[in-house]
Amino acid sequence: MTLSRKAESNHNIVFDCKYHVVFCPKYRKKVLKEPIDTRLKSLFLEKSKALNTEIVEMEIMPDHVHLLIKCDPQFGIHKVVKHLKGYTSRVLRLEFNHLKSRLPSLSSYFVATVGTVQLDVIKKYIESQKERGE
């Protein structure tokens, strides 16, 4: 099994971990419209760079956000999402006064891993290791 060319290293592990993250403003309020959505995108990119993570893909709808995030598994997706949500909601409320009551927080989120290798390929690879070791 060869590693993906997009695998990264943190001097301890080599990884290629991607996560699909979806979250929305509290009560799914439709507040993520122009110019807020544009500012939110730039804030996400700014904070992800500071966290040493990569936003591979991003889409902001009026009532929810989709992100495809690549991050170090030792740092953890939970910490990445926590930092992104906290930072962006705080800055948006400061810059857009009307959001103070309409955007109390970016609420709970959904996260799913995004695989680069299919399960059956990994199973076959693991099974083949025993044959190689003998």
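The structure under discussion appears in the preceding block.
Right, let's walk through the structure included here. Small disclaimer: the values here were computed from a predicted structure and weren't measured. (Residues numbered from 1 in each chain as written. Predicted model: local features only at pLDDT ≥ 70, side-chain atom pairs only at ≥ 80, totals over all residues. Heavy atoms only, no water.)

**Notes on helix α1 (residues 36-50)**
- For α1, which comprises 15 residues, the first-to-last C-alpha distance of 21 Å matches the rise-based estimate of 21 Å (1.5 Å per residue) to within 8%.
- Taken together, the buried positions of α1 are occupied by I36, D37, L40, L43, F44, K47 and S48. For α1, the angular spread of buried residues about the axis comes to 125°, placing them on one side.
- Of the residues one or two after α1, N52 is the one with positive phi, at around 60°. (Helix = DSSP H or I, 4+ residues; strand = E, 2+ residues; numbered from the N terminus. Expected span 1.5 Å × (residues − 1). Buried < 20%, exposed > 50% of the residue type's maximum accessible area, 1.4 Å probe, protein only. Arc of directions from axis to C-beta.)

**Here we look at the pattern of salt bridges**
- Taken as a whole and judged by the stated rule, the model has five salt bridges.
- In this structure, D16 and K70 form a salt bridge, with 3.7 Å as the shortest nitrogen-oxygen distance. One end of the pair, D16, is in the loop between β2 (14-15) and β3 (18-25); the other, K70, is in strand β5 (residues 64-70), with 54 residues separating them in the sequence. Judged on exposure class, the residue D16 and its partner K70 are both buried.
- Through salt bridges with shared partners, a single network forms among E8, D16, K18 and K70. (Salt bridge = Lys/Arg side-chain N within 4 Å of Asp/Glu carboxyl O.)

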